[in-house]
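Here is how the chains run, residue by residue.
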Amino acid sequence: MNIWIAIGATALGCYAVKLAGLLVPAGVLERPVVRRLAALLPVALLAALTAQQTFADGRALVLDARAAGLAAAAVALVLRAPFLVVVGAAVVVTAGVRALGG
Amino acid sequence: MTAEQTALADVRDTGGGKPDGAVVRDALGVGVAVGLSGFAFGVTSAGSGLTLLQTCALSLLVFTGASQFALVGALAAGGSPFTAAAGAFFLGVRNAFYGLRLSQLLALPRVVRPFAAQWVIDETAAVSLAQPDRRGARIGFLVTGLSLYLLWNLTTLLGALGAEAIGDTDAWGLDAAGPAVFLALLAPMLRTGTERTVAGLAVLLGLGLLPVLPAGVPVLIAALAAPAVLWAQGRRKSAPRGDVPEEDR
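Residues numbered from 1 in each chain as written. Chains lettered and ligands numbered in written order. Predicted model: local features only at pLDDT ≥ 70, side-chain atom pairs only at ≥ 80, totals over all residues.

1. Here we look at the overall build of chain A
Looking only at helices and strands, chain A has four helices and two strands in total. Counted from the first residue to the last, chain A has its helices and strands arranged as α-α-β-β-α-α. Expected size for 102 residues packed as a compact globule is a radius of gyration near 13 Å; at 19 Å, chain A overshoots this value by more than 25%. Here the C-alpha coordinates of chain A stretch approximately 55 × 40 × 25 Å along the principal axes. Out of the 102 residues in chain A, the part that is buried amounts to 43%. Taking as baseline every contact in chain A between residues at least 6 positions apart, the subset at least 24 positions apart corresponds to 33%. (Helix = DSSP H or I, 4+ residues; strand = E, 2+ residues; numbered from the N terminus. Rg over C-alpha atoms; globule rule 2.2 N^0.38 Å. Buried ≥ 20, exposed ≤ 12 C-beta atoms within 10 Å, placed from the backbone. Contact = placed C-beta atoms within 7 Å.)

Take a look at the structure:
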């Protein structure tokens, strides 16, 4: 049930902001500070989420196979690999390190 | 060469755009490539313990990838439904700004906007804004939106079914798909020192607060890195001159 509440709230909220952008008159959100903040907010969230989902196990910080997988993804990004290759590299390297290390 | 020049002149006469076929090709390229990554979401979501129905509902109703990954990640980590939804919501806020740009560019009738809204995401905005005129932007929006929506939902279903079939998704390294997706979305945003400072601060806050705060809350606090860095920059900039700087993008 909790999961359905989260899904409903996310779906409503995400749809509302998409629609708001199309309906709100131009100029309301066009202030430079608001624009800068809107561009930086995803940077902060994505960085924090990347770090947490790589190094967190519940509420403890750990260094495991996922870190190797993320490093592989970073290398793929530097080499300008396509999106799916980046994700694939992370998955394959994580699985490989787990298979070797148990 | 003369034929080319004539063709070029024709194109200019009809509004200065590029040929419809080229717009469709660009749009399909983005729609198909990103649409396929719904597979990664389906697997991650099912691996996080969501049911097939819940996983598909997310792709159908939320349809903005980063928010979907964030939500299932937060739920898997034991976050409350509201902190999980809040993190996903804040990631979706950027779509409002795409909508703002797109509403001027596409000039959609008011009755169409509630239907078009669901497709206002990173990819449709990127393709539409890259077109030289309104016709191209409209075609780009429609083709990218349609191909991406169909494929993303189809591959979500297949990914979730696949995850149920293989059982322990962690053994296959599939728990690394989520963070890799986030990193791939983040990397092109890290253009200047400002973005890198925000990202660095957010990582410190997100990891540092993880052991001491309830699940899902550290990410929300990490989001404050964005206003904090902007505020610090504003202070530094206005301090020597004392007047309000007229900032251009």
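2. Some words on the UniProt feature "transmembrane region" (unreviewed entry) in chain B
Residue and element names in this part refer to chain B. With numbering aligned to this structure, UniProt lists the feature "transmembrane region" (unreviewed entry) at residues 27-44, 139-160, 172-190 and 202-232. A distance of 31 Å separates the end C-alpha atoms of residues 139-160, which is 100% helix and 0% strand. Between the C-alpha atoms that bound residues 172-190 the distance is 30 Å, and the span itself is 53% helix and 0% strand. (UniProt positions renumbered as here; feature names shortened; annotations may be inferred.)

3. Focus: the environment of Val112 of chain B
Here Val112 of chain B is to be found in the loop between α7 (94-106) and α8 (113-116). Here the alpha-carbon distance between Val112 of chain B and Phe63 of chain B, two residues 49 residues apart in the chain, equals 18 Å.

4. So, the nonpolar core
Counting 109 residues, the largest nonpolar core has Ala44, Ala48 and Ala90 of chain A together with Ala180 and Ala202 of chain B as its most contacted members. It is helix α2 (residues 32-55) of chain A that contributes the most residues to this core, 11 residues altogether. Looking at which domains feed residues into this core, each of domain 1 (17-189) and domain 2 (193-249) of chain B gives three or more. When neighbours within four sequence positions are excluded, Ala90 of chain A is seen to be in contact with Gly69, Leu70, Ala72 and Ala73 of chain A together with Ala176, Ala177 and Ala180 of chain B. (Core = buried A, V, L, I, M, F, W, Y, C linked by C-beta atoms within 7 Å. Domains from an automatic or database assignment.)

5. Details of the domain arrangement of chain B
All names here are of chain B. Split into domains, chain B comes out as domain 1 (17-189) and domain 2 (193-249). Distance from the C-alpha centre of domain 1 to the C-alpha centre of domain 2: 26 Å. Counting residues at the interface gives 12 residues for domain 1, matched by eight residues for domain 2. Here the residues of the side of domain 1 that touches domain 2 are counted per class, giving seven nonpolar, five polar and no charged. (Nonpolar A, V, L, I, M, F, W, Y, C, P; charged D, E, K, R; others polar.)

6. A word on the environment of Gln233 of chain B
Secondary-structure assignment places Gln233 of chain B in helix α14 (residues 225-241). For the pair Gln233 of chain B and Thr194 of chain B, spaced 39 residues apart in sequence, the C-alpha separation works out to 8.7 Å.

7. Here's the deal with the UniProt feature "transmembrane region" (unreviewed entry) in chain A
Residues and elements named next belong to chain A. Mapped onto the present numbering, the UniProt feature "transmembrane region" (unreviewed entry) falls at residues 6-25, 37-55 and 67-97. Note that residues 6-25 is 90% helix and 0% strand, and that its end C-alpha atoms are spaced 30 Å apart. Taken end to end, residues 37-55 is 100% helix and 0% strand, and its first and last C-alpha atoms sit 27 Å apart.

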